[in-house]
2 protein chains.
Amino acid sequence: MATGASSRPPRPAVLPEPARKRYHHGDLRGALVRAAEELLEEVGPDRLTLREAARRAGVSHAAPAHHFRDLTGLLSEVAASGFEGLAGAIASSAAAAHAAGEDELSATGRAYFAFALAHPGLFQLMFRSQVIDMSAPRLDAASSAAFAAFADAARASGEVGDEAGGDPLARMATLVRNWAMVHGLAFLAIDGRLAGMLPDGATLAALTEAILAPAPAKTPAGV
Amino acid sequence: MATGASSRPPRPAVLPEPARKRYHHGDLRGALVRAAEELLEEVGPDRLTLREAARRAGVSHAAPAHHFRDLTGLLSEVAASGFEGLAGAIASSAAAAHAAGEDELSATGRAYFAFALAHPGLFQLMFRSQVIDMSAPRLDAASSAAFAAFADAARASGEVGDEAGGDPLARMATLVRNWAMVHGLAFLAIDGRLAGMLPDGATLAALTEAILAPAPAKTPAGV
DNA sequence: GGAAGTATCTTGACAATGTCAGGATAAGCA
DNA sequence: TGCTTATCCTGACATTGTCAAGATACTTCC
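Here is a short report on the structure shown in this document. (Residues numbered from 1 in each chain as written. Chains lettered and ligands numbered in written order. Predicted model: local features only at pLDDT ≥ 70, side-chain atom pairs only at ≥ 80, totals over all residues. Heavy atoms only, no water.)

Attention shifts here to the packing of aromatic side chains. Residues and elements named next belong to chain A. One pass over the full model with this rule turns up eleven aromatic pairs over all chains. Ring plane angle 85° and centroid distance 5.7 Å describe the contact between Tyr-112 and Phe-123, whose orientation is recorded as edge-to-face. Here the residue Tyr-112 occupies a position in helix H4 (residues 104-118), and Phe-123 occupies one in helix H5 (residues 120-126), the gap between them amounting to eleven residues. Where Phe-123 meets Phe-127, the ring centres are 5.2 Å apart and the plane angle is 55°; that geometry is what we call tilted. Taken individually, Phe-123 and Phe-127 each receive the classification buried, so the pair is uniform in this respect. (Phe/Tyr/Trp six-rings, centres within 6.5 Å; stacked < 30°, edge-to-face > 60°. Helix = DSSP H or I, 4+ residues; strand = E, 2+ residues; numbered from the N terminus. Buried < 20%, exposed > 50% of the residue type's maximum accessible area, 1.4 Å probe, protein only.)

Next comes the structure, spelled out in structure tokens:
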């Protein structure tokens, strides 16, 4: 029909964004994950939509099916990368605390909380097993790694005495208690449940800092 | 047409269930709330559907609109009654502990956790502000009452020293720390996050009991 | 008692969603 | 070059929440 040149559609010579209108996206998988992460923070996990993610990636509504089995597949991938980020944040905060001679467990708790507050929608998604597929290999590995990083920090801080004596159940109880406290605090803060209980003119940051600052352990009064 | 009696439609003399096929349901509002509670436990808050609730109540898909503004309205009502139940469970467990000379805070923590495990879907809904309307009067009042019951128990147990000295922020921090721990533990348990970290052959009940049993406070070792 | 008014429920429609089937296009490989 | 495969699109379907308009039953007022 048109010219005999090799380029069939009138492709513009200059592409403003990395590959604009070509049939093959190039990195649709990554673009969908990024779009989903955006949506997660803009509208939350409840209003996130596969079609809107496709729209933002500049692609038809059925295109994602070639990269993810379904919506659960995409969300599981996003959650997996979220857990990887969380594991990294925990590990690096523990290392920094160790270098500074501070308590590792307290530092990782603050890192955990900060991560949740920085990515509320993603954090909520990461703990919504009915929407993601926890048996997905990468997600399973990433979530395990995140908890392992937390457990390592607890061991390093001496909070979970692993040298002798203490039976495994009691040690695990101490570990999980710390985890649950930080996790619950993050969830309550994200959901806006702490706003209503700030004494007089106290800020939310002050309250959470007062909760997280001291090693949440048992220390004989004084000292 | 038919007989001249007052009953127009051929209404069966015996109604197997309380009012079967009449145009006006009688208690559609309550029936919808019950149907939603059922669905909450069967499929969870993510797959709960307004149309399915209407179906279970034996009513058309648009009928709920005359009793609840929209899906959020129905869910807010369900969440409100959930908080009322939670507040009751907390208060009664605290009273029982007081009578038995046990620690009130520990008892309420176990009651909180037990409530969450007994009604997982409802509990998740109660802490999903993007799906319910926290400004709904009844919901707002009920959630405040639940927290107030928890705070009362903490005060009674002496965990939150309200007599003198301690500044309000520190007292609130202790209170919220206890709440967050129990809340996080409940969420993690419901989401199946604790199953993977049971030492050898320990059961989940044993682990959670080990976490909740001692007053999660600072007690000088011994005694 | 009967008529008017209101609360309650139904039917039908709309846009939006997730998913599937089948066709079009581009890339890779022989 | 021609074939195969990966990638993407169009179109369709059932389902959802919500709205509009009509049908039905209850209430109230004369």
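Here Glu159(A) shows up in the loop between helix H6 (137-156) and helix H7 (168-190). For the pair Glu159(A) and Glu104(A), spaced 55 residues apart in sequence, the C-alpha to C-alpha distance is 9.3 Å.

Let us now look at the relation of the copies chain B and chain A. By a simple turn and slide, chain B fits onto chain A: the slide is 0.0 Å along the axis, the RMSD is 0.0 Å, and the turn is 180°. Classification of the inter-copy transformation places it as that of a two-fold axis. Interface overlap between copies: 100% of the residues of chain B at the interface are likewise at the interface in chain A, consistent with a symmetric, same-surface contact. (Least-squares fit on C-alpha atoms with pLDDT ≥ 70 in both. Contact = heavy atoms within 4.5 Å.)

Moving on to the nonpolar core. Membership of the largest hydrophobic core comes to 124 residues, with the highest contact counts inside it found for Phe127(A), Trp179(A), Phe123(B), Phe127(B) and Trp179(B). Looking at which element gives the most residues to this core, the answer is helix H7 (residues 168-190) of chain B, with 14 residues. (Core = buried A, V, L, I, M, F, W, Y, C linked by side-chain atoms within 4.5 Å.)

In this section: the pattern of salt bridges. Counted according to the given criterion, the structure contains 24 salt bridges over all chains. Asp191(A) is the salt-bridge partner of Arg193(A), the closest N and O atoms lying 2.1 Å from each other. With relative accessibility at 11%, the residue Arg193(A) sits in the buried group. Asp191(A) sits in the buried class, given a relative accessible area of 10%. Among the salt bridges present, the one from Arg110(B) reaches Glu209(B), with a minimum N-O distance of 2.7 Å. Placement of the pair is Arg110(B) in helix H4 (residues 104-118) and Glu209(B) in helix H8 (residues 204-212), with a sequence separation of 99 residues. Of the residues examined, Arg110(B) reaches a relative accessible area of 32% and is grouped as partly exposed. Each of the salt bridges in this network shares a partner with another, and the network as a whole consists of Glu38(A), Glu42(A), Glu52(A), Arg55(A) and Arg56(A). (Salt bridge = Lys/Arg side-chain N within 4 Å of Asp/Glu carboxyl O.)

Residues and elements named next belong to chain A. Unlike most non-glycine residues, Asp-200 shows phi in positive territory, near 30°. Summarising the element assignment, Asp-200 is placed in the loop between H7 and helix H8 (204-212). A relative accessible area of 71% places Asp-200 in the exposed class.

Another aspect to go through is the interface of chain B and chain A. Contact with chain B, which involves 39 residues of that partner, is made by 39 residues of chain A. Between chain B and chain A, the buried area comes to about 3700 Å², and carbon and sulfur atoms account for 68% of it. The interface formed by chain B and chain A holds zero salt bridges in total. At the boundary of chain B and chain A, one finds eight residue pairs in polar contact (both at pLDDT 80 or more). When residues of the side of chain B that touches chain A are traced back to their parent elements, those giving at least two are helix H1 (28-47), H7 and H8 of chain B. At 14 residues, H7(B) tops the list of elements feeding residues into the side of chain B that touches chain A. Classifying every residue of the side of chain B that touches chain A gives 27 nonpolar, five polar and seven charged. (Buried area = accessible area lost by both parts, 1.4 Å probe. Polar contact = N/O pair within 3.5 Å; in protein donor to acceptor, adjacent residues only side chain to side chain. Nonpolar A, V, L, I, M, F, W, Y, C, P; charged D, E, K, R; others polar.)

Moving on, we get to the packing of H8(A) against H7(B). Remark: H8(A) packs on H7(B), axes separated minimally by 9 Å, with the N-to-C direction vectors making an angle of 70°. For the element pair H8(A) / H7(B), the angle class is roughly perpendicular. By crossing handedness, the relation of H8(A) to H7(B) is classed as right-handed. The segment H8(A) lies against H7(B), with Ala206(A), Leu207(A), Ala210(A) and Ile211(A) engaging Leu169(B), Met172(B), Ala173(B), Val176(B) and Arg177(B). Broken down by class, the residue content of the contact of H8(A) with H7(B) amounts to eight nonpolar, no polar and one charged. (Axes fitted to C-alpha atoms, helices over the stretch in contact; angles between N-to-C directions. Parallel < 35°, antiparallel > 145°, perpendicular 65-115°, else oblique. Left-handed = near helix turned anticlockwise from the far one by under 90°.)

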